[in-house]
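Residue-level listing of the chains:
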Amino acid sequence: MAAAAHPLMVGHALHSPSTRYTILEFIGEGSFGKVAKCRAHNSSKLVAVKILKKEYFQDVEDELSVLKTISSLNADHFNLVTFYEQFEYLGYKCLVFELLDVDLLHLVRSLNVNHIRPIAKQLMMALQGLKAVRVMHTDIKPDNIMMVNIDESPFSVKLIDFGMASPISAAMPGLRHQPIGYRYEDVTLNDLWVFGTNVCF
Ligand code: PIT
């Protein structure tokens, strides 16, 4: 089988036109594929590479168009994950991002009420940035909010995963706009879909 000829394994390298990324460990997995912690050969920088399966290639084009749109923003200022590059390698689509630390879902038990304000403020910045470029994330949840570096800057967070994001112009009543566990009751009940509250806050 062709797929078996190039397994994604720790120690293997993913080749982009500009460099190669050695897989150090797998740090995430989803229906789309995997996220690997990698070392970039040209800079020795650690990065996170999202490796997508072929079936998701159409979705990835939508995600890439959003990533391109938001790349006009200063990612650090707006608390958005920095996107470095994308490439195709042996039939996999690879998206390279800055390496972040741990997601809020894993930290939720150790956070206390004093942490809410600084985290909320940074998420407001993220929403302000997205609003400026007319993009809605539509999948904001603790899993998609990551600490930048818990030891160096304890409450610095960034928003990740634009896999569900789309231009605000594509928003339509009836589309799925929020992760189910965090969905407003009025959205669930198919009540009035209020632009500017449910979608953009
Ligand atoms: C991790 C660790 C990490 C970064 C990421 C995930 C980034 C994920 C991501 C996924 C996307 C996207 C932006 C960022 O559009 O350091 O587990 O689909």
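Above this text sits the structure in question.
Rules and cut-offs
Residues numbered from 1 in each chain as written. Predicted model: local features only at pLDDT ≥ 70, side-chain atom pairs only at ≥ 80, totals over all residues. Heavy atoms only, no water. Near = heavy atom within 4 Å. Polar contact = N/O pair within 3.5 Å; in protein donor to acceptor, adjacent residues only side chain to side chain. Areas by Shrake-Rupley, 256 points an atom, 1.4 Å probe, with all protein chains shown as cover. Nonpolar A, V, L, I, M, F, W, Y, C, P; charged D, E, K, R; others polar. Pairing = 2+ DSSP bridges. Helix = DSSP H or I, 4+ residues; strand = E, 2+ residues; numbered from the N terminus. Contact = heavy atoms within 4.5 Å. Phe/Tyr/Trp six-rings, centres within 6.5 Å; stacked < 30°, edge-to-face > 60°. Buried < 20%, exposed > 50% of the residue type's maximum accessible area, 1.4 Å probe, protein only. Lys NZ or Arg CZ within 6 Å of the ring centre and 35° of its normal.

Peer 1: Where do I start with the site of the ligand in this structure?
Peer 2: Taken together, 15 residues form the shell around the ligand, and within it K50, E63, L100, D161 and F162 come nearest. With respect to the ligand, the side chain of D161 contributes an N or O atom lying 3.1 Å from an oxygen atom. Between the ligand and F162, the relevant distance is 2.8 Å, taken from an oxygen atom to a main-chain nitrogen or oxygen of the residue. Within the complex, 93% of the 430 Å² of free accessible area of the ligand lies under protein. Looking at the shell around the ligand, its residues break down into 11 nonpolar, no polar and four charged.

Peer 1: Explain the pairing of strand β9 (residues 153-159) here, please?
Peer 2: Put simply, side chains in a regular strand alternate between the two faces of the sheet. In this structure, strand β8 (residues 145-149) lies alongside β9, joined through four bridges in antiparallel fashion. Along β9, the bridge assignment pairs N149 with S153. The hairpin turn running from β8 into β9, its antiparallel successor, is three residues long.

Peer 1: I tried to follow the environment of I145 on my own but got confused; where do I start?
Peer 2: Checked against the element boundaries, I145 lands in strand β8. C-alpha separation for the pair I145 and I119, spaced 26 residues apart in sequence, amounts to 9.4 Å. When near neighbours in sequence (up to four residues on either side) are disregarded, I145 contacts V102, D103, L104, L123, I140, V157, K158 and L159.

Peer 1: Mind showing me how you'd approach the packing of aromatic side chains here?
Peer 2: Centre-to-centre distance and the angle between the planes together describe a pair of aromatic rings. Under the defined criterion, the tally for this structure stands at two aromatic pairs. Between the aromatic rings of Y21 and F87, the centroid separation amounts to 5.6 Å while the plane-to-plane angle is 10°, which identifies the pairing as stacked. Of this pair, Y21 sits in strand β2 (residues 20-30) while F87 sits in strand β5 (residues 83-89), and the two are 66 residues apart along the sequence. Per residue, the accessibility class of Y21 equals that of F87, and both read buried. Seen in terms of ring centroids, F83 and F97 are 5.4 Å apart; in terms of plane orientation they differ by 45°. Their pairing is tilted. Placement of F83 in strand β5 and of F97 in strand β6 (residues 92-98) is noted, with a sequence separation of 14 residues between them. In this structure F83 comes out as partly exposed when scored by relative accessible area, which is 22%. Under the relative-accessibility criterion, F97 is labelled buried at 10%. The cationic tip of K34 hangs over the ring face of F26; the distance from NZ or CZ to the ring centre is 4.8 Å. Residue placement shows K50 over the ring face of F32; its charged tip is 4.5 Å from the ring centre.

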